[in-house]
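# Structural characterization, general
If you want the building blocks of each chain, they are given just below.
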Amino acid sequence: MAGRINDEDVKAVRDAVPIDAVVSDYLQLRNAGGGNLKGLCPFHDEKSPSFQVSPSKGLFHCFGCQEGGDTIAFVMKIDHLTFSETVERLAAQAGITLRYEEGGYNPAHQRGERIRLVEAHKIAAQFYVEQLESPEAEIGRKFLAERGFDQAAAAHFGVGYSPAGWDHLTRFLRGKGFTDKELTLSGLSQEGRRGPIDRFRGRLMWPIRDIGGDVVGFGARKLRDDDNGPKYLNTPETAIYKKSQVLYGIDLAKKEIAKTSRAVVVEGYTDVMACHLAGITTAIATCGTAFGGDHIKILRRLLMDNGSARVIFTFDGDAAGQKAALRAFEDDQKFAAETYIAIAPDGMDPCDLRLAKGDAAVAELVEPRTPLFEFALRQIVARYDLETPAGRAAALDEAGPVVARIKNSGAQHEVAVQLAGMLGILDTQFVVKRVAQLARWARDRGGRGPAPAPASQRSAGAYESAPQGFSGPALNLRSPAHRTERELIKLALQYPQLVSPAFDAYGVDEFTAPPYAAVRRAIEEAGGAEYGAQDPQEYLVRVREAAPDDAVRAMVTELAVEAILRKTVDEMYAGIQLVQVRLRAVDRRIRDVQGSLARLGAGGDPQHLTAVQNELWVLQQYGQALRERGADAL
């Protein structure tokens, strides 16, 4: 059983790997103000960025789905790893050697399954690269050269060769300490009659990396006529490889995609290589499957749906390519980006085009030509005889619902006008009204109304439900008390030096909103704001660890990341929040005491009555001092 990772090492890993650098491997981040960054949340679908990262605090939080935490929590969530697996992966990136408090460090047994499978793929990728230099691999080197790829190109993309024998890789990985079970689970080996044998034999190998750069699978190209397998053989579905969730070349293209808000989707590994070598470094490809919804999610996080984003699909000009284009159009509305299709006039793919006409021809190909919706509509319309009224009507019946799916009403109207022109229907308004009618019917059948805005975009009065996991009155940001309590807790988490030591004297009962009271208690158990003023980074870690459950922990993260309502955050502003929360607590107590006096009446115990009257006088004097002297009276 794996030993527990030393706490100091966990802290060292957390401090050594900047959260913005890790998150940027999965989505595009932009300035959100106040030192924070924002992007489209990778944990739920959204159109406007409600996912925020605070590099200074080492935390992330999504105001839409409430996911949040530190660097370790982000990697655990997005890559489905255990805590130990995540720390081990980040430690490897940072060059930190971990210590284990029980049983010492034994990497062969103490790494989780995913870490082991990724490591096996990393070693296999290097093995294949080395094999490409062998005499046997001459056929593979010739294949690459005939397609215009030299040794440098092969090295850049990590292209390798799998030997033709039965178990070359299997024996090699066994020698590195991997078990037969691990080799089978990885998809690198498969069961033979006498034990595991290599899955890939005598083929050219392309490593498939996830967006973080880890090799998670391979694409293998047949080279010999006596190979009875398919032309391309991919890694089977494994714990680390899901073909619907990977894009070949995304590790190389992600930064340029984010920078230029542009992506080029091609059909194969050699097409990606050709595009990149021609200067189109935003090219990516699917891995033996159709381009679908999960691929769109990956791209949207990089493109950030900024309105000017463009996705260009290149498909072969044959019937299969046209079918692929129509299939891509089915998911077109999941993009906020403009989508285009690029097909070479002679039907060549980017690899063949580069070979025949050079890099400039490839660059010219992917310049946006035909909007994908226009291509899809023309494919539909071409099937009908537009010379007859019946043919035009039938084409409209099939094409109309396609246009009606366009969510933007302005764009829908514009495309409907274009459809009228394609069909040769002179009464343009008839087509526009027909499309609008189809859109209404679709909404009435399946629409549930617009989705609620993310929390970061709601008005102050719109958030009126208690966060999951808290009991008590609903959180209502129409309430000035709740708004002020929220602001003070944010200050205590983000600027503890401005509210310390006064904040630490505040009781949990001074916070009327249950979520804020729970966070106040967690701050207290973590050593208070005074501790935070001394060690801000460790302070937030301790507050999150002190939270009793995930709901409170999520609220801690949310308030630690959410922007302060005032641009200039100083002692004066902090003092105002401290005074307002304390003053409201005093006023509540005054009302309680006045109620006690009324209940005691003239016939009450004189000693008790005097004590209550004295408490009321002290509270009234304190309240007056707070109103007149502000923070100086605290």
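Procedures and definitions
Residues numbered from 1 in each chain as written. Predicted model: local features only at pLDDT ≥ 70, side-chain atom pairs only at ≥ 80, totals over all residues. Heavy atoms only, no water. Helix = DSSP H or I, 4+ residues; strand = E, 2+ residues; numbered from the N terminus. Buried < 20%, exposed > 50% of the residue type's maximum accessible area, 1.4 Å probe, protein only. Pairing = 2+ DSSP bridges. Axes fitted to C-alpha atoms, helices over the stretch in contact; angles between N-to-C directions. Contact = heavy atoms within 4.5 Å. pLDDT = per-residue confidence, 0-100. Phe/Tyr/Trp six-rings, centres within 6.5 Å; stacked < 30°, edge-to-face > 60°. Lys NZ or Arg CZ within 6 Å of the ring centre and 35° of its normal. Polar contact = N/O pair within 3.5 Å; in protein donor to acceptor, adjacent residues only side chain to side chain. Disulfide = S-S within 2.5 Å. Core = buried A, V, L, I, M, F, W, Y, C linked by side-chain atoms within 4.5 Å. Parallel < 35°, antiparallel > 145°, perpendicular 65-115°, else oblique. Left-handed = near helix turned anticlockwise from the far one by under 90°. Salt bridge = Lys/Arg side-chain N within 4 Å of Asp/Glu carboxyl O.

Regarding its fold elements, the protein chain presents 28 helices and 16 strands. Out of the 634 residues in the protein chain, the part that is buried amounts to 50%.

Attention now moves to the sheet that holds strand β9 (residues 203–209). Strand-to-strand pairing in sheets goes through backbone hydrogen bonds, with the strands running parallel or antiparallel. Across the sheet, 4 strands lie side by side as β6-β9-β10-β11; this open sheet has antiparallel pairing. A strand with exactly one partner marks an edge of an open sheet, and here the two such strands are β6 (160–162) and β11 (232–234). On average, each strand axis in the sheet is inclined to that of its neighbour by 35°, with strand direction left out of account. Summarising the sheet, β9 and strand β10 (residues 215–222) pair through 7 bridges and their orientation is antiparallel. If you follow Arg-203 over to β10, its bridge partner there is Lys-222. Set on the sheet, helix α6 (residues 113–131) makes contact with β6, β9 and β10; between it and β10 the angle comes to about 35°. Against the sheet, helix α12 (residues 269–277) contacts β9, β10 and β11, and its axis sits at roughly 70° relative to β9.

Now for the confidence of the model for the protein chain. On average, residues of the protein chain carry a pLDDT of 85, and 89% of them reach 70 or more. Across the protein chain, β6 holds the top mean pLDDT of 98, while helix α5 (residues 107–110) sits lowest at 45. Across residues 104–110, confidence stays below pLDDT 50; counting only partners more than four residues off in sequence or on other chains, it has 13 contacts. Note that residues 447–469 has pLDDT below 50 and, in this model, 34 contacts with residues that lie over four places away or in other chains.

Moving on, we come to the packing of aromatic side chains. Following the criterion strictly, the structure yields 18 aromatic pairs and no others. Judged by centre distance (6.3 Å) and plane angle (15°), the rings of Phe-503 and Tyr-506 are stacked. As far as the burial class goes, Phe-503 and Tyr-506 line up, both buried. A connected cluster of aromatic rings, assembled from ring pairs, spans Tyr-26, Phe-43, Phe-51, Phe-60 and Phe-74. For Lys-77, the ring lying beneath its charged end belongs to Phe-43, and the centroid distance is 5.8 Å.

Backbone torsion omega between Ser-500 and Pro-501 reads 5°, so that peptide bond is classified as cis. Tracing the chain through its elements places Pro-501 in the loop between α22 (496–499) and α23 (514–525). Even without glycine at this site, Gln-66 takes up a positive phi of about 75°. With respect to the element layout, Gln-66 can be found in the loop between β4 (59–62) and β5 (68–70). You will see that Ser-261, though not glycine, has its phi angle at about 55°, which is positive. Relative to the elements of secondary structure, Ser-261 occurs in the loop between α11 (250–260) and β12 (262–266). Its relative accessible area of 5% is what places Ser-261 among the buried residues.

Spatially, the 5 strands line up as an open sheet ordered β13-β12-β14-β15-β16, and their pairing is mixed. Here the strands that pair on one side only, and so sit at the sheet edges, are β13 (283–285) and β16 (370–371). Where strand β14 (residues 310–314) meets strand β15 (residues 338–342), 5 bridges bridge the pair, whose relative direction is parallel. Considered in β15, the bridge of Val-311 is made with Thr-339. Packed onto the sheet, α11 meets β12 and β13 and runs at close to 130° relative to β13. Running over the sheet, α12 touches β12 and β13 and is turned about 175° from β13.

Along the polypeptide, Glu-487 turns up in helix α21 (residues 480–494). In this structure the side chain of Glu-487 is engaged in a polar contact, spanning 2.6 Å, whose partner is the side chain of Tyr-573. Setting aside chain neighbours within four positions, we find Glu-487 in contact with Ile-564, Leu-565, Arg-566, Tyr-573 and Gln-577.

Take the state of the cysteines next. A covalent bond bridging the sulfur atoms of two cysteines is what the word disulfide describes. The tally for this structure, following the rule as stated, stands at 0 disulfides. Cys-65 forms no disulfide, and the closest cysteine sulfur to it belongs to Cys-62, at a distance of 3.7 Å. On the basis of relative accessibility, which here comes to 28%, the residue Cys-65 falls in the partly exposed class.

Attention shifts here to the nonpolar core. By size, the foremost hydrophobic cluster in this structure holds 79 residues, and its most contacted members are Phe-51, Phe-74, Ile-250, Ile-257, Leu-299, Phe-313 and Phe-335. Per-element tally for this core: the top contributor is helix α17 (residues 372–381), with 7 residues. In this structure, Phe-335 is in contact with Phe-291, Ile-296, Leu-299, Arg-300, Leu-303, Val-311 and Phe-313, ignoring residues within four places of it in sequence. Core analysis: the next-biggest nonpolar cluster, separate from the first, contains 43 residues, Leu-132, Phe-157, Tyr-241 and Ile-312 among them.

Further remarks concern the packing of helix α3 (residues 71–79) against helix α4 (residues 83–94). The contact between α3 and α4 brings their axes to 9 Å, and the two run at 110°. Accordingly, the angle class assigned to the pair α3 and α4 is roughly perpendicular. Like other packed secondary-structure pairs, α3 and α4 cross with a definite hand, here right-handed. Between α3 and α4, the contacting residues are Thr-71, Ile-72, Val-75, Met-76 and Asp-79 on the first element and Phe-83, Thr-86, Val-87, Arg-89 and Leu-90 on the second.

As a further point, take the environment of Tyr-531. Structurally, Tyr-531 is set in helix α24 (residues 528–534). Excluding its chain neighbours within four sequence positions, the residues that come into contact with Tyr-531 are Ala-526, Glu-538, Tyr-539 and Arg-542. Within polar-contact distance, the side chain of Tyr-531 engages the side chain of Arg-542 at 3.0 Å.

As a further point, take the environment of Pro-55. Structurally, the position occupied by Pro-55 is in the loop between β3 (51–54) and β4. For the pair Pro-55 and Thr-71, spaced 16 residues apart in sequence, the C-alpha to C-alpha distance is 9.9 Å. Dropping the residues within four chain positions of it, Pro-55 is found in contact with Ile-19, Asp-20, Gly-35, Asn-36 and Leu-37.

Our focus in this paragraph is the pairing of strand β1 (residues 30–33). Sheet topology places β1 next to strand β2 (residues 36–39); 3 bridges connect them, and they run antiparallel. Of the residues in β2, the one forming a bridge with Arg-30 is Lys-38. If you look at the hairpin formed by β1 and β2, you'll find 2 residues sitting between the two strands, and Gly-34 has a positive phi there, around 65°.

The next thing to look at is the pattern of salt bridges. A full pass over the atoms with the stated rule returns 30 salt bridges. We note a salt bridge from Glu-367 to Arg-262, for which the minimum N-O separation is 3.7 Å. With Glu-367 in the loop between α16 (359–365) and β16 and Arg-262 in strand β12, the pair connects residues that are 105 residues apart, well separated along the chain. The residue Arg-582 makes a salt bridge to Glu-510 at a minimum N-O spacing of 2.7 Å. You can see Arg-582 sitting in helix α27 (residues 571–600) and its partner Glu-510 sitting in the loop between α22 and α23, a full 72 residues away along the chain. Judged by relative accessible area, which is 12%, Arg-582 ranks as buried. The network of salt bridges with common partners includes Arg-486, Glu-487, Lys-490, Glu-558 and Glu-562.

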